[in-house]
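# A look at the structure
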Amino acid sequence: MKDVKKLSRERMLVSGTGIEIRKSICTICDPQTQCGLDLHVKDGKIVKVEGSKEHPYSVGTLCSKGAATRQYIYSEDRLKTPLKRTGPRGSGKFEPISWDEALDTIAVKFNEIKLQNGPESVIFFSGYTKYFRPYLKRLAHSFGSPNYLTESSTCHRATAMAQKLTFGQPGGPDLKNTRCLLVWSANPFYTNPGNARAILKGRERGMKLIVVDPRETPTTALADIHLPVRPGTDGALALSMANVIIHEKLYDRDFVGNHSYGFEDYSEYVQHFTPEKGEELTGVPADKITQAARMYASIKPAAIMPSASPVVHHTNGVQNYRAVFDLIGLTGNYDIIGGNFVVPASFLHAPGLILTREHEFIQTRPWSEMAPRVGADRFPVWVDVLDEEAQAMHLPFQIRSGEPYPLKALIGFGMNYRMWPDSKGLLESVEKLDFFVNVDIFMTDTCKSADIVLPACTSVERSELRCYPMGYIIFTQPAIPPLYESRSDVEIIYELAGRLGLDDPLLKAGYEASVDWILAPSGISVAELKKYPGGMFVPNPIKLPEKKYLKAGFKTPSGRMEFKSKVLERYAGRPGFEALPVYTPPKHSKESTPELAQDYPFILNTGSRLPMFVHTRTYRLSWTNSLRPNHPAADINPADAARLGIQQDEAVRISTPKDAIVVKANLTQMVQPGVVHMYHGHSEADVNMLFEGDYLDPLSGYPGFKSALCRIEKV
Amino acid sequence: MKDRAIYLDMELCVGCGACAVACMDQNDIYPEKDQPAFRRIYRVEQGEFPDASIQYISVACMHCEDSPCLVGCPTGAITKDECTGAVIVNKELCIGCHSCALACPFGGPRYDQDEKMHKCNLCTDRVEAGLEPACVRVCPMGALTFESANKVQGMKESKFVGNMVKRFGHRLAYMHFGGVGFSEK
């Protein structure tokens, strides 16, 4: 008994233990959550991690990933020093080198390439996490390269594209005030506990809840109506709902009549999508579609909660989400309290109720003064409406073709090659580059192919700026110094800028000076933020009126909300680029490729969240792994498993025409019959290998990760 | 303090596992060393998609009032903590005979590499210091609470009344439940 007592006493903030609390935030996941951490530090070591009670988003709680922070920080897989590759690419043979040698080598190499091939031949890539992105983008552009690429090429940008094509500016769901919430393929109980708590509170005050989700989740369990859509058919479902809303005259005549463009054509197109047709296309019973449409359209205010990527992880994804977002305009719920209210982002896509100079900071030179971005020709709408970055899905194609110009070097921050479809092909392409650097916390499979690997530290060992929608802001301070020789990504970026000899005043002035510059319009300074290590409410939150479009119009070519996109009208005749939100079944599906579907009868749906993982970031931790001991495992409906004679935990082969993986079977009613769900990124069973590299939405370049065709069989 | 226990509101549990991880962090449990977790999450499914009921349950030692494990232990290694009422194992006295496991109706006791019984200790030290158990402290949905039986019953009643109000409107609540105090959340 004694030893138990002694052990746990060392984990508590009580007098005599010598423990002191340092504040930080968790950035293991990054969907604008960043829960507050109370790090219990003793003798320079973190001995216990708890949520910060005063943090307004996380209110003292953590999820299973954040609760595993201590194991994450002290993982044996941490990179300890900069490394130089000594064996062949992928061999994992490296020798330690000094920071000076590493950074000088990179700077010399990049400047050589700049001279010989132009700055655009150097790629600056950001994976997870995202806090350093503004500084990395600035580094890329100050260097002269348009090729700042990120993991957002498969994450949220395509959703933003659909929102921008429709409204010019996205409006988020006002969870606090809405009376009817339509959740479209999101399950915040696994990904965003703050939003999940807001849904629970909404339910307590009588908020109606409609959830579109191909799975059964804790969110669908709470719903008044669950629409169990077949993966990749969201557009047809939304058009069917619109059919009911228009047919029953439940739409907002004022908004549609005075603030929209293309309603007549849209309305005519929607006529084809009767609820019965909707049922045929989506698998959702017609009466449920009708009920949901009536509920969403007749309760005011109503809001739609989209997800970052599930709906756009289809080859028809952007058109599908356009059809969904049209419902917001159709019902007049755009930019109203309790509807989809427009709050401009302050920093890192998060609204913080302050004005900043983030955009000015990151775009040091206009796109027109640089070479075209990777993928600019192939995905022109990306360039038309998205200002942030290049489309990384085109990267392997341009490396291989060398067109319109050759790519020579890449520096990745947290790059994971398993993010791409045909992941093996991507890695082979990257290995063809002259020079490849990866910065990471751990020795990952991607690092193994790099020429130089740099050790980054975790969020608790560095400083970062974050904003929160309730008008809260934090500039964290390191709770412990960076472990081993690791450094913060930002420090690496600023060091590199110096050695590259860039004539950039803010990169020369340093990180904190840059943050001060970005925050200047808000009147908040780094010095002030440092006085509040756990964060603070912004002193003068900006107040936003409803219906800002009445004065400012919509940031679309027509100045109105566009049922029919004027941007897409320019591409008339190009398949997938239809100006109306035309529904086309997924590229590989029973409807599009019936012959393929005979051999590969299951829908392969990958990457839908599990509560203990966010991508691969907690795969190496025994604490989170223990929550899903049979992983890597594919979720299969018990009815399908019974038909195929597959038992729980038995080995199954999942194959597509491209490749196959062997995993365990996890039988669950969470998945609908006919669908196999597989979580992504496993070293031993990488499901992204099963996708062709060009299995992409032609509009956004997003991979169709959530609806391809596959076969499963018992091994 | 003795009357407080950990309660799970099954309506709120979503099986995220934060409680199990926080427990491992608190108690230095490493599954890779074959150390079993004190707290485990179960998923119970009934019915068929899309109308299946999927229930999550977070389970650990119940710290029974009348603990069969304690009665079954031949060496007196299992005792009730006087201050918290927690069922505690003294590993020095445990001989790894598994009598407690046979006696426990919930499958609580597990054994570590040394064949010593290993289970939730109700975070006794935290509780003595006025803190909540680690699993309760972390729970993002507020599904786990550490309260007295009466308080929990009161909470349940409030919830029930709240549900009735939502279902039938305020009039009924005043008529039939007028005497019951429940707070607006």
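Residues numbered from 1 in each chain as written. Chains lettered and ligands numbered in written order. Predicted model: local features only at pLDDT ≥ 70, side-chain atom pairs only at ≥ 80, totals over all residues. Heavy atoms only, no water.

## Considering the overall build of chain A
Looking only at helices and strands, chain A features 28 helices and 27 strands. The C-alpha radius of gyration computed for chain A amounts to 25 Å, which stays within 12% of the reference 27 Å derived for 715 residues, consistent with globular compactness. When the backbone C-alpha atoms are referred to their principal axes, chain A occupies close to 70 × 70 × 60 Å. Every one of the 715 residues in chain A was classed for burial, and the buried ones make up 65%. In chain A, of all internal contacts separated by at least 6 residues, the share reaching a separation of at least 24 is 73%. (Helix = DSSP H or I, 4+ residues; strand = E, 2+ residues; numbered from the N terminus. Rg over C-alpha atoms; globule rule 2.2 N^0.38 Å. Buried < 20%, exposed > 50% of the residue type's maximum accessible area, 1.4 Å probe, protein only. Contact = heavy atoms within 4.5 Å.)

## Things to note about the packing of helix α4 (residues 99-117) of chain A against helix α20 (residues 489-499) of chain A
For any two helices packed against each other, the geometry is given by the interaxial angle and the distance between the axes. Residues and elements named next belong to chain A. It is the contact of α4 with α20, at a shortest axis distance of 9 Å, that shows an interaxial angle of 55°. Here α4 lies oblique to α20, going by the angle between them. For α4 against α20, the interelement crossing comes out right-handed. Contacts from Trp 99, Asp 100, Leu 103, Asp 104, Ile 106, Ala 107 and Asn 111 in α4 reach Ile 492, Glu 495, Leu 496 and Arg 499 in α20. (Axes fitted to C-alpha atoms, helices over the stretch in contact; angles between N-to-C directions. Parallel < 35°, antiparallel > 145°, perpendicular 65-115°, else oblique. Left-handed = near helix turned anticlockwise from the far one by under 90°.)

## Observations concerning the sheet that holds strand β6 (residues 122-126) of chain A
Residues and elements named next belong to chain A. Spatially, β5-β4-β17-β16-β15-β6-β7 is the arrangement adopted by the seven strands of the open sheet, whose pairing is mixed. Strand pairing shows two members of the sheet lacking a second neighbour, β5 (94-96) and β7 (148-150), which therefore form its edges. Across this sheet, the average inter-strand angle for adjacent strands is 20°, counted without regard to direction. Bridge count between β6 and β7: three bridges; the pairing is parallel. (Pairing = 2+ DSSP bridges.)

## Things to note about the confidence of the model for chain A
Looking at chain A as a whole, the pLDDT averages 96, with 98% of positions reaching at least 70. In the predicted structure, residues 1-5 of chain A sits below a pLDDT of 50 and forms eight contacts with residues beyond four places in sequence or in another chain. (pLDDT = per-residue confidence, 0-100.)

## As for the side chain of A:Thr331
All names here are of chain A. Mapped onto the secondary structure, Thr 331 falls in the loop between α15 (317-330) and β14 (340-341). You can call Thr 331 buried: its relative accessible area is 0%. At 2.8 Å, the side chain of Thr 331 forms a polar contact with the backbone oxygen of Leu 327. A distance of 3.3 Å separates a polar side-chain atom of Thr 331 from the backbone oxygen of Ile 328. (Polar contact = N/O pair within 3.5 Å; in protein donor to acceptor, adjacent residues only side chain to side chain.)

## As for the interface of chain B and chain A
Counting from both sides, the interface comprises 48 residues of chain B and, opposite them, 54 residues of chain A. In total, about 4,100 Å² of surface goes out of reach between chain B and chain A, with carbon and sulfur atoms giving 55% of it. Taken together, the links from chain B to chain A amount to six salt bridges. Mapped by element, the contributors of at least two residues to the side of chain B that touches chain A are α1 (18-27), β2 (40-46), β3 (53-59), β5 (87-89), α4 (124-128) and α5 (134-138) of chain B. If one sorts the elements of the side of chain B that touches chain A by residue count, α1(B) sits on top with eight residues. (Buried area = accessible area lost by both parts, 1.4 Å probe. Salt bridge = Lys/Arg side-chain N within 4 Å of Asp/Glu carboxyl O.)

## Quick word on the sheet that holds strand β2 (residues 36-42) of chain A
Residues and elements named next belong to chain A. Judged by pairing direction, the sheet is antiparallel, and its three strands sit side by side in the order β1-β2-β3 without closing on themselves. Edge positions in the sheet fall to β1 (20-25) and β3 (45-51), since each of these pairs with one other strand and no more. Averaged over neighbouring strand pairs, the angle between their axes works out to 30° when direction is ignored. Relative to β3, β2 runs antiparallel, the two being bridged by six bridges. Paired with Asp 38 across the two strands is Glu 50, which belongs to β3.

## Let's talk about the packing of aromatic side chains
All names here are of chain A. Taken as a whole and assessed by the stated rule, the structure comprises 36 aromatic pairs over all chains. Centroid distance Tyr 135 to Tyr 494: 6.2 Å. Interplanar angle 50°. Geometry classified as tilted. One end of the pair, Tyr 135, is in helix α5 (residues 133-143); the other, Tyr 494, is in helix α20, and 359 residues separate them in sequence. For the pair Tyr 135 and Tyr 494, one class covers both residues: buried. Ring pairing ties together the aromatic residues Tyr 135, Phe 361, Phe 475, Tyr 494, Tyr 511 and Trp 517, which thus form one cluster. Taking the ring centre of Phe 143 as reference, the NZ or CZ of Lys 114 above it sits at 4.4 Å. Over the face of the ring belonging to Phe 361 we find Arg 138, whose NZ or CZ atom lies 4.6 Å from the ring centre. (Phe/Tyr/Trp six-rings, centres within 6.5 Å; stacked < 30°, edge-to-face > 60°. Lys NZ or Arg CZ within 6 Å of the ring centre and 35° of its normal.)

## Some words on the confidence of the model for chain B
Residue and element names in this part refer to chain B. Put simply, chain B has an average pLDDT of 88, and 89% of its residues get 70 or more. Looking at the elements of chain B, mean pLDDT is at its lowest for helix α7 (residues 170-177), recorded as 49, and at its highest for α5, recorded as 98. The model gives residues 172-185 a pLDDT under 50, and that stretch makes 13 contacts with residues more than four places away or in other chains. Predicted as a complex, the structure gets a pTM of 0.95 and an ipTM equal to 0.95.

## So, the pairing of strand β23 (residues 633-636) of chain A
If a strand is regular, its side chains alternate between the two faces of the sheet. Residue and element names in this part refer to chain A. Residue alternation in β23 divides its side chains into two sets, Ala 633 and Asp 635 and Ala 634 and Ile 636, and both sets are buried. Alignment of β23 against strand β25 (residues 660-667), held across four bridges, turns out to be parallel. Its bridge partner being in β25, Ile 636 is matched across the sheet by Leu 667. Pairing of β23 with strand β26 (residues 675-678) involves three bridges; the strand directions are antiparallel. Considered in β26, the bridge of Asp 635 is made with His 677.

## Description of the pattern of salt bridges
One pass over the full model with this rule turns up 51 salt bridges over all chains. Among the salt bridges present, the one from B:Asp28 reaches A:Arg70, with a minimum N-O distance of 3.1 Å. Pair noted here: B:Asp28 is in the loop between α1 and β2 and A:Arg70 is in helix α3 (residues 69-73), and the two residues belong to different chains. Each of the two residues, B:Asp28 as well as A:Arg70, counts as buried. Between A:Arg570 and A:Asp384 there is a salt bridge; the shortest N-O distance is 3.6 Å. Residue A:Arg570 is located in the loop between α25 (566-569) and α26 (594-599), and its partner A:Asp384 is located in helix α17 (residues 380-385); the two are separated by 186 residues in the primary sequence.

## Some words on the environment of A:Val284
Residue and element names in this part refer to chain A. For Val 284, the position within the fold is in the loop between α13 (275-282) and α14 (286-298). Once the C-alpha coordinates of Val 284 and Gly 329 are considered, the two residues, 45 residues apart in sequence, prove to be 23 Å apart. Beyond its immediate chain neighbours, meaning those up to four positions away, Val 284 contacts Leu 227, Pro 228, Val 229, Leu 237, Glu 279 and Ile 289.

## Describing unusual backbone geometry
Residues and elements named next belong to chain A. The peptide bond linking Glu 403 to Pro 404 adopts the cis configuration, its omega dihedral lying at -5°. If you trace the backbone, Pro 404 turns up in the loop between α18 (395-401) and β15 (409-413). The peptide bond linking His 631 to Pro 632 adopts the cis configuration, its omega dihedral lying at 0°. With respect to the helices and strands, the residue Pro 632 is situated in the loop between α27 (622-625) and β23. Phi is positive for Asp 335, close to 55°, though the residue is something other than glycine. Taking relative accessible area as the criterion, Asp 335 reaches 2% and is therefore assigned buried.

## Description of helix α8 (residues 193-204) of chain A
All names here are of chain A. Over its twelve residues, α8 extends 16 Å from the first C-alpha to the last, a length consistent with the 16 Å expected when each residue adds 1.5 Å. Residues of α8 that are buried: Pro 193, Gly 194, Ala 196, Arg 197, Ile 199, Leu 200 and Gly 202. Buried-residue contacts for α8 involve β9 (180-184), α7 (188-191), β10 (208-212), α9 (218-222) and β13 (302-305). Gly 206, located one to two residues past α8, shows a positive phi value of around 95°. (Expected span 1.5 Å × (residues − 1).)

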